[in-house]
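# Close look at the chain arrangement
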Amino acid sequence: MEQLTGSKTLAVGWAELDADYALKLPALFHPCLDALTELVSGTFDFFGMGRRGIAPITHYLEIAGGGEPVALGRPLELRCRVELFRAELPAASGGATRQRLLLDQRVALHAFRRAGSATDLGFDDGSGAPLQAGSFRLIQVFTRPFAPAAERPVTDVPPEFQALRERPFREPPPSLERMWLDAPGFREETPPGVLPLARVWGRGHTDINHHVTVAEHLRLLETAQAAVAHGAGLPLARHRAAGMVCLFRRPFFAGDVCAVQGRLLLGA
C-alpha cells in the first residue's frame, strides 16, 4: 500500500482545553500518538517488531492549534495518514549523512465550535458548526534504541512493515538550520535575564522507551514561551503557543539536565 489511513473519534475533555476553550498543544500529543499507534498496530505487527528490539523513535514534530473555541464533550475526530520513506539524515553528532527509514504520520483534527462564550462554563447546547481544530505531524526513525551505537540504525524495512511501500522522501529532511532562519518582517525583542530556563528531568518525565516523553518537551517549551513573553511585558491573557516545531537529535533520560535557549521575535 502507498499509505495507511484511518480515523479515531473521542470526546473533547477538560484536559484538552484552555480558558478560551482552545485546544492545548501539549495535551494533543498523546491522543494523536495513541490514534496513530492503534492504526499502525492494527495493521502491522508493531509490538512484535518491538520485541525484536526495533522501534520508531521520534525525530520531528509539528503541532498546531487553530485557537478556535471548541465544544467541550463533543466529538474530536482524528483523521490519520501514515507513509514510509527513506531519507538521508545527518548523524546526531554532525558529519556525514546516513540513510534512514522514516515513518511519516499526519493527523488532521476535526471538532465542533463552541456555541457559547468562554464564560458559559461547561458543556454547551451542541449547535456549533464543525471546524478543523488543529494538525499534527510526527516523523519517526526506525532504530534499535538499546543496541550498541553502531548497530542502532535500521536500514532495511522490517518484515512487519513490508506491506507499506517505501518511497524516497519528497522534501528536504528537517534540519536545525532551516528551523532557525530569521522570519522576514520580524524584529528581536528577547528580554534579558529570562533564558536560559533550566530543567532537571526525573523518572516521572520518562516513557516506556526510557526516554523523556515528547509531551514533557512541549510543556517545557510552552513554559519558556510564557516566561519570555512575560519578561517582554506582553499580556499572557492574549498570547498562546499556537504552534510548535521540534527536531529531536538525541533523547533525554532521567537525571539529565537541560536549559531552554531562544529568542522572542515580534511582527511589525
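Residues numbered from 1 in each chain as written. Predicted model: local features only at pLDDT ≥ 70, side-chain atom pairs only at ≥ 80, totals over all residues. Heavy atoms only, no water.

Counting its regular elements, the protein contains four helices and eleven strands. Computed over its C-alpha atoms, the radius of gyration of the protein comes to 20 Å, within 12% of the 18 Å expected for a compact globule of 268 residues. Taken over the C-alpha atoms alone, the protein extends approximately 55 × 45 × 40 Å along its principal axes. Counting over 268 residues, the protein shows a buried share of 41%. Restricting the contact set of the protein to residue pairs at least 6 apart, pairs at least 24 apart contribute 79%. Element-wise, carbon and sulfur atoms account for 55% of the exposed surface of the protein, whose accessible area totals about 14,100 Å². With 29 positive and 29 negative side-chain charges, the protein shows a spacing of 3 Å between the two charge centroids. (Helix = DSSP H or I, 4+ residues; strand = E, 2+ residues; numbered from the N terminus. Rg over C-alpha atoms; globule rule 2.2 N^0.38 Å. Buried < 20%, exposed > 50% of the residue type's maximum accessible area, 1.4 Å probe, protein only. Contact = heavy atoms within 4.5 Å. Areas by Shrake-Rupley, 256 points an atom, 1.4 Å probe, with all protein chains shown as cover. Lys, Arg positive; Asp, Glu negative; His and termini not counted. Charge placed at Lys NZ, Arg CZ, Asp CG, Glu CD.)

Among the eleven residues that make up strand β2 (residues 55-65), nine are buried, leaving the element largely enclosed by the rest of the structure. Relative to strand β5 (residues 130-143), β2 is paired through ten bridges, and the arrangement is antiparallel. Bridging across to β5, isoleucine 63 finds its partner in phenylalanine 136. For β2 and strand β9 (residues 243-247), the ladder comprises five bridges, and the chain directions are antiparallel. By the bridge assignment, leucine 61 is partnered in β9 with cysteine 246. (Pairing = 2+ DSSP bridges.)

A full pass over the atoms with the stated rule returns seven aromatic pairs. A centroid spacing of 5.9 Å and a plane angle of 55 degrees characterise the contact between phenylalanine 29 and phenylalanine 136, whose relative ring orientation is tilted. Here phenylalanine 29, found in helix α1 (residues 25-41), pairs with phenylalanine 136, found in strand β5; they are 107 residues apart in sequence, far enough to count as distant. The two residues phenylalanine 29 and phenylalanine 136 agree in class, both being buried. Ring centres of phenylalanine 85 and phenylalanine 169 lie 5.3 Å apart, and the angle between their planes is 70 degrees; on these two criteria the pair is classed as edge-to-face. Taken together, the residues span a long stretch of sequence, with phenylalanine 85 in strand β3 (residues 75-90) and phenylalanine 169 in the loop between β6 (166-168) and α3 (176-179) at a distance of 84 residues. Note on accessibility: phenylalanine 85 and phenylalanine 169 belong to one class, buried. (Phe/Tyr/Trp six-rings, centres within 6.5 Å; stacked < 30°, edge-to-face > 60°.)

In this section: the nonpolar core. Core analysis: the largest hydrophobic core is formed by 48 residues, its most contacted members being Phe29, Leu61, Phe136, Phe142 and Phe161. When residues of this core are traced back to their parent elements, those giving at least two are α1, α2 (46-51), β2, β3, β4 (97-112), β5, α4 (214-231) and β9. Looking at which element gives the most residues to this core, the answer is α1, with nine residues. Filtering out sequence-adjacent residues up to four positions away, phenylalanine 136 remains in contact with Phe29, Cys32, Leu36, Leu61, Glu62, Ile63, Gln105, Arg106, Val107 and Leu109. In terms of nonpolar packing, the next biggest core, distinct from the first, is built from nine residues, Leu89, Leu102, Ile139 and Phe169 among them. (Core = buried A, V, L, I, M, F, W, Y, C linked by side-chain atoms within 4.5 Å.)

Within the element layout of this structure, arginine 74 appears in the loop between β2 and β3. Of the polar contacts made by the side chain of arginine 74, one reaches the backbone oxygen of glycine 128; its length is 3.2 Å. Filtering out sequence-adjacent residues up to four positions away, arginine 74 remains in contact with Leu10, Ala11, Val12, Phe112, Asp124, Gly126, Ser127 and Gly128. (Polar contact = N/O pair within 3.5 Å; in protein donor to acceptor, adjacent residues only side chain to side chain.)

Take the state of the cysteines next. Overall, the coordinates contain zero disulfides when judged by the stated rule. In this structure cysteine 80 is not part of a disulfide, and its nearest cysteine sulfur, from cysteine 32, lies 7.4 Å away. The thiol of cysteine 246 is unpaired, and the distance to the nearest cysteine sulfur, on cysteine 258, comes to 12 Å. What makes cysteine 246 buried here is its relative accessible area of 7%. (Disulfide = S-S within 2.5 Å.)

Moving on: the pattern of salt bridges. One pass over the full model with this rule turns up 18 salt bridges. Note that glutamate 38 is salt-bridged to lysine 8, the shortest N-O span being 2.8 Å. Note that glutamate 38 is positioned in helix α1 and lysine 8 in strand β1 (residues 4-11), a separation of 30 residues in sequence. Here arginine 86 and glutamate 166 are joined by a salt bridge, their closest N and O atoms 2.6 Å apart. Taken together, the positions of arginine 86 in strand β3 and glutamate 166 in strand β6 put the pair 80 residues apart, joining distant regions of the chain. In this structure glutamate 166 comes out as partly exposed when scored by relative accessible area, which is 33%. Taken together, the shared-partner salt bridges in this structure form one network comprising Glu2, Arg81, Glu83, Arg165, Arg167 and Arg170. (Salt bridge = Lys/Arg side-chain N within 4 Å of Asp/Glu carboxyl O.)

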